[in-house]
2 protein chains.
Amino acid sequence: MRERDVIKFLSERLPIGDDCAIISLKKTNLLLTTDMLHRQTDFPEGMTPYTMGWRAVAVSLSDIAAMGGKPLGVVIALGAPEFEKKFLEELLEGALACCEACETKLLGGDTDRHNELTIVTTALGEAQKPVLRSGARAEDLVCVTGDLGRTAAALELLKAKEYEQANALLRFTPRLREGQALGSLARSMIDISDGLARALYQLGEASHVGFKVDAMAIPFALEVEELARDQDEIFEMGLFVGEDFELLFTLPQERLLEARRVCEFTVIGRVVSAKEGITMQLGPESIVLPDRGYEH
Amino acid sequence: MRERDVIKFLSERLPIGDDCAIISLKKTNLLLTTDMLHRQTDFPEGMTPYTMGWRAVAVSLSDIAAMGGKPLGVVIALGAPEFEKKFLEELLEGALACCEACETKLLGGDTDRHNELTIVTTALGEAQKPVLRSGARAEDLVCVTGDLGRTAAALELLKAKEYEQANALLRFTPRLREGQALGSLARSMIDISDGLARALYQLGEASHVGFKVDAMAIPFALEVEELARDQDEIFEMGLFVGEDFELLFTLPQERLLEARRVCEFTVIGRVVSAKEGITMQLGPESIVLPDRGYEH
């Protein structure tokens, strides 16, 4: 089974459907999310242990952000062939630094000897009213925070042995502040983990809607425009790689100004009916965005 | 670094020291714990996928039990070389069955392609007043739930290809009911993950006390007595293997009757001062229990 089939299989049996599980407790909602990263897929050659620790934590906190949550803490499970002290020290430093940047705490963990480096982070968060993937409605605006393709650019830079710049790009800050600011305004939200295209399909499926985005409006990272040789490569890096963990959200048009006051973002299109599908306007042409993205 | 050194290293840098991390929220305490299991160490030949799923969940719920907590939910991260549908189905069935037996829910998860089967479960729980490892006082009674050595016996049965009996022994039920019942009575508590000896040392270190246990009082599982060839083997299987996840706790003497009314357990000795160390009375002899146990 491919990862997507496995997720489908699981989602038919578990209450999966958002970035975090939701647990109601004492008039609030707890958010719980777990992410598994490992050497072969997630830690390419040249990524420092500090960056690995940072990203492992950031990926889980991003899921909290995607539901408009405030983080309460993180735990980490670490498997490695053998624990080299310096490696562990740096990895932990990165994890702690990311927690600090996000005003939360690394609370504990587990270790296990393992033949491949594996990090599983679990974040706990809280939101009075979590933003779901399922709330988008036709005519809403479609928006993204930040810019897209930084991880794709970083992967190119790693290949070119531009390690420092690559690692800096890879240490993204989860959009917790933005997620919380948008919490009461956005009607649906998700973090872009496998590329914008995949995220649009995930949001569309959960909300039973389609999207029409404007290629000219999509904010690609400067590094993407520098590294890409043509427009196709820009799209490839910016739409189908992901791992930048920006927020994709939909907003009723009448909340736009209010949202602008609390958070920076870019409007990239609007919500349409499900039968119109997910398309991208490219000059005079409207193309159907393919449903593909990064598979772990 | 050995696992114990890694844990020491981490515990100097993180607020580790109990079975779960504690997060105060809205006049209660949330408990969060994560456990990593993988094929080579935790899933020996002959263990069924159903049992693997069961145990993965049970191990984390046991940490909630060890602090007197009530479970709120479980998430699971699953890495495997390739996901075979039948295997996944059975594993998930085991995980779901354990959740059901513990009156909690499997809320979601993550998957990742991995060259070795790896399961990381994270449990969330709640306790008004979590029981810590650090509360034991001299003269308290030392007690355990259930009996010891079932997993050690199961490992022997697996070697003898007695798969059915072995798997049944391996599917332990986390002591959540007992943990909650003892929550307001026990002064310190821990689950026995790496053997009674190791657990006594962990509790002793956290509480700055020693223990004097009576070998004749320790409840060894029937299967241990059947499989062991002599007294030494009984001790080996019952004291130094662990993975049975019974609760070890200390109780003020005056709470004994009250505790007996809410929960079944065995008094195995009493708390002494730290300088008396951790000893086991064996007939006329008092032997120092070695600080060793199962290392993952």
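Just so it is clear, the model here is predicted, and its values are computed rather than measured.

A.B. asks: Looking at this structure, I do not really get the overall build of chain A. What am I missing?
C.D. replies: Counting its regular elements, chain A contains 11 helices and 12 strands. For chain A, whose C-alpha radius of gyration is 19 Å, the value lies close to the compact-globule estimate of 19 Å for 296 residues. Principal-axis analysis of the C-alpha atoms gives chain A an extent of 55 × 55 × 40 Å. The contacts in chain A between residues at least 6 apart in sequence include a share of 86% that link residues at least 24 apart.

A.B. asks: I'm lost on the environment of Thr48 of chain A in this one. Help?
C.D. replies: Its location among the elements puts Thr48 of chain A in the loop between helix H2 (39-42) and helix H3 (49-65). The exposure class assigned to Thr48 of chain A is partly exposed, which follows from the 19 C-beta atoms found within 10 Å.

A.B. asks: Looking at this model, I keep getting lost on the interface of chain A and chain B. Mind explaining?
C.D. replies: Think of interface size as the accessible area that goes away when the parts come together; that is how it is often given. Chain A puts 48 residues into the contact, and the matching count from chain B is 48 residues. Those elements that provide at least two residues to the side of chain A that touches chain B are helix H1 (3-11), strand E1 (21-25), strand E2 (28-38), strand E3 (70-80), helix H4 (85-101), strand E4 (106-113) and strand E5 (118-127) of chain A. For the side of chain A that touches chain B, the element with the most residues is E4 of chain A, which contributes eight residues. Residue classes in the side of chain A that touches chain B are distributed as 24 nonpolar, 14 polar and 10 charged.

A.B. asks: Sorry if this is basic, but what is going on with the domain arrangement of chain A here?
C.D. replies: Residues and elements named next belong to chain A. Here chain A is partitioned into domain 1 (3-127) and domain 2 (141-288). Each of domain 1 and domain 2 has a C-alpha centre, and the two are 22 Å apart. Taken together, the contact between domain 1 and domain 2 spans 26 residues of the former and 23 residues of the latter. Listing elements by their share of the side of domain 1 that touches domain 2, those giving two or more residues are H3 and E3.

A.B. asks: Which parts of the structure should I look at to understand the nonpolar core?
C.D. replies: Across soluble globular proteins, nonpolar side chains have a tendency to be buried as a group. With 194 residues, the main nonpolar core has Ala95 of chain A together with Ala95 of chain B as its most contacted residues. Beyond its immediate sequence surroundings of up to four residues, Ala95 of chain B is in contact with Gly53, Trp54, Ala56, Val57, Ile76 and Leu106 of chain B.

A.B. asks: Is there a simple way to explain the packing of helix H3 (residues 49-65) of chain B against helix H4 (residues 85-101) of chain B in this structure?
C.D. replies: A pair of packed helices can be characterised by two numbers: the angle between their axes and the separation between those axes. Residues and elements named next belong to chain B. Their axes nearest at 6 Å, the elements H3 and H4 cross at an angle of 40 degrees. In terms of orientation, H3 lies oblique with respect to H4. Like other packed secondary-structure pairs, H3 and H4 cross with a definite hand, here right-handed. Within the contact between the two elements, H3 uses Pro49, Tyr50, Thr51, Met52, Gly53, Trp54, Ala56, Val57 and Ala58 and H4 uses Phe87, Glu90, Leu91, Leu92, Glu93, Gly94, Ala95, Ala97, Cys98 and Cys99.

A.B. asks: Could you clarify how one ought to interpret the confidence of the model for chain A in this entry?
C.D. replies: When pLDDT drops low, the exact placement of atoms in the prediction is not to be read closely. A residue-level look at chain A finds 95% of positions with pLDDT of 70 or above and a mean pLDDT of 92. As scored by the predictor, the complex reaches a pTM of 0.91 and an ipTM of 0.87.

A.B. asks: Even after reading the chapter, I still don't get the environment of Glu258 of chain B, so can you show me in this structure?
C.D. replies: Residues and elements named next belong to chain B. With respect to the secondary-structure elements, Glu258 resides in helix H11 (residues 256-262). Look at Glu258 and you get partly exposed, because 14 C-beta atoms sit within 10 Å. Residues Glu258 and Leu185 lie 73 residues apart in sequence; the distance between their C-alpha atoms is 8.1 Å.

Cut-offs applied
- Residue numbering note: each chain is counted from 1, following its sequence as written.
- For this description, chains carry letters from A and ligands carry numbers from 1, given in the order in which they are written.
- Where totals are concerned, whole chains, interfaces and linings use all residues; where local detail is concerned, this predicted model gives features only for residues with pLDDT of at least 70, and gives and counts side-chain atom pairs only at 80 or more.
- Note on conventions: DSSP H or I runs of at least 4 residues are helices, E runs of at least 2 residues are strands, and numbering of each starts at the N terminus.
- Throughout, the radius of gyration refers to the C-alpha atoms, and the reference size of a globule is 2.2 Å times the residue count to the power 0.38.
- Residue pairs qualify as contacts under a 7 Å threshold applied to their C-beta atoms, which are placed from the backbone.
- We call a residue exposed when 12 or fewer other C-beta atoms sit within 10 Å of its C-beta, buried when the count reaches 20 or more, and partly exposed for counts in between; the C-beta positions come from the backbone.
- Three classes are used, and their members are as follows: Ala, Val, Leu, Ile, Met, Phe, Trp, Tyr, Cys and Pro are nonpolar, Asp, Glu, Lys and Arg are charged, and the others, Gly among them, are polar.
- Domain start and stop positions are those given by an automatic or database domain assignment.
- Only buried Ala, Val, Leu, Ile, Met, Phe, Trp, Tyr and Cys residues enter a nonpolar core, and they are joined through C-beta atoms within 7 Å.
- Inter-axis angles, ranging from 0 to 180 degrees, are taken between N-to-C directions of lines fitted to C-alpha atoms, where helices are fitted over the stretch in contact.
- Under this scheme an angle from 65 to 115 degrees is roughly perpendicular, one under 35 degrees roughly parallel, and one over 145 degrees roughly antiparallel; angles in between are oblique.
- Helix crossings get a hand from a simple test, with the near helix turned counterclockwise from the far one by less than a right angle marking a left-handed crossing and a clockwise turn marking a right-handed one.
- Every residue carries a pLDDT, the predictor's confidence in it, which falls somewhere between 0 and 100.

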